[in-house]
Amino acid sequence: MWYADGTLYVGYWDMDKRDGLGMFVQVNRNRYEGHWYGDKKNGLGRFYHMNTGQLQEGVWENDVCVKSKMLDIEVRQFCNYPTQYPIRAETLCDSRKLLEESELWLNQTLGDIDKQLQNCIR
């Protein structure tokens, strides 16, 4: 679907609303690839910030990103306003120990996390 303002949507529909997997490309070349529900970004998705050369991977609810991580994309240096320095990779030294000591993790019961992921994935 080409819109009058120059934006583009390619993906699934439910009646006249974006629903399911789809890609939305803005006039400034930024784009979202991911899940839609009720004509809004909902669920897992990726947003490419083409002006700065960064990729935002995360979870959206009603067009708002509620949790994400940022990464540099390979073409960062060719973007209009690339970030001055690349995002440094961070690694956990002892991830198992962090989980074992985490109050959030210790309070989870079997199935809680799967229910949350199922809500995100739809």
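On a predicted model such as this, the values are computed, not experimentally measured, just so you know.

**Here's the deal with the confidence of the model for the protein chain**
In the predicted model, the protein chain carries a mean pLDDT of 81, and 76% of its residues have values of at least 70. Low pLDDT (under 50) marks residues 117-122, which in the prediction has seven contacts with non-local residues, meaning those over four places away or in another chain.

**A closer look at the pattern of salt bridges**
Under the criterion given, the structure shown has five salt bridges. Salt-bridge contacts for D63 lead to K41; the nearest nitrogen and oxygen are separated by 3.4 Å. Here D63, found in the loop between strand 5 (54-61) and strand 6 (64-72), pairs with K41, found in strand 4 (residues 40-49); they are 22 residues apart in sequence, far enough to count as distant. Exposure remark for D63: the relative accessible area of 35% places this residue in the partly exposed category. The salt bridge partner of E57 is K69, with a shortest N-O separation of 3.7 Å.

**Topic: the packing of aromatic side chains**
In this structure the tally under the stated criterion is six aromatic pairs. Considering the side-chain rings of Y9 and W36, the 5.5 Å spacing of their centres and the 85° angle between planes classify their relative orientation as edge-to-face. With Y9 in strand 1 (residues 8-14) and W36 in strand 3 (residues 31-37), this pair connects stretches of sequence that are 27 residues apart. Relative to W60, the ring of Y32 lies with its centre 5.1 Å away and its plane at 70°, an arrangement referred to as edge-to-face.

**A short note on the sheet that holds strand 5**
With antiparallel pairing, the six strands of this open sheet are ordered in space as 1-2-3-4-5-6. Every other strand in the sheet has two partners, leaving strand 1 and strand 6 as the edge strands with one partner each. For this sheet, the mean inter-axis angle between neighbouring strands, taken without regard to orientation, is 10°. When strand 2 (residues 17-25) meets strand 3, the two strands line up antiparallel, connected through six bridges. Among the inter-strand pairings, L21 is bridged to a residue of strand 3, identified as H35.

**Notes on the environment of Y3**
Considering the arrangement of structural elements, one finds Y3 in the segment before strand 1. Judged by its relative accessible area of 29%, Y3 falls in the partly exposed class.

**A word on the pairing of strand 2**
By the bridge criterion, six bridges tie strand 1 to strand 2 in an arrangement that is antiparallel. Each residue of the ladder has a partner; that of W13, found in strand 2, is R18. Connecting the antiparallel pair strand 1 and strand 2 is a turn made up of two residues, with M15 showing a positive phi of about 60°. Once strand 2 ends, the chain turns through five residues before running back antiparallel as strand 3, passing R29 with a positive phi of about 80°.

Definitions and limits used
- Every chain is numbered independently, its residues counted from 1 as its sequence is written.
- Only residues with pLDDT of at least 70 get local features here, since the model is predicted, and only at 80 or more are side-chain atom pairs given and counted; chain-wide, interface and lining totals rely on the full set of residues.
- Calculation of side-chain values draws on the structure's entire complement of heavy atoms; hydrogens and water are dropped beforehand.
- pLDDT is a residue-level measure of predictor confidence that goes from 0 to 100.
- Contacts were defined at the residue level, with two residues in contact if any of their heavy atoms lie within 4.5 Å.
- Think of a salt bridge as a Lys or Arg side-chain nitrogen and an Asp or Glu carboxyl oxygen that are within 4 Å of each other.
- In this text, helices come from DSSP runs of H or I with a minimum length of four residues, and strands from runs of E with a minimum of two, each type numbered from the N-terminal end.
- For every residue, the accessible area (1.4 Å probe, protein chains only) is compared with the maximum for its type, and the residue is labelled buried under 20%, exposed over 50%, or partly exposed between those bounds.
- Ring pairs are drawn from Phe, Tyr and Trp, using the six-membered ring of Trp, whenever the two centres fall within 6.5 Å, and their geometry is named by plane angle: stacked under 30 degrees, edge-to-face over 60, tilted for the rest.
- When DSSP finds two or more bridges between a pair of strands, those strands are recorded as paired.
- Whenever a helix is involved, its axis is fitted only over the stretch in contact; in every case the axis is a line through C-alpha atoms, and angles between N-to-C directions fall within 0 to 180 degrees.

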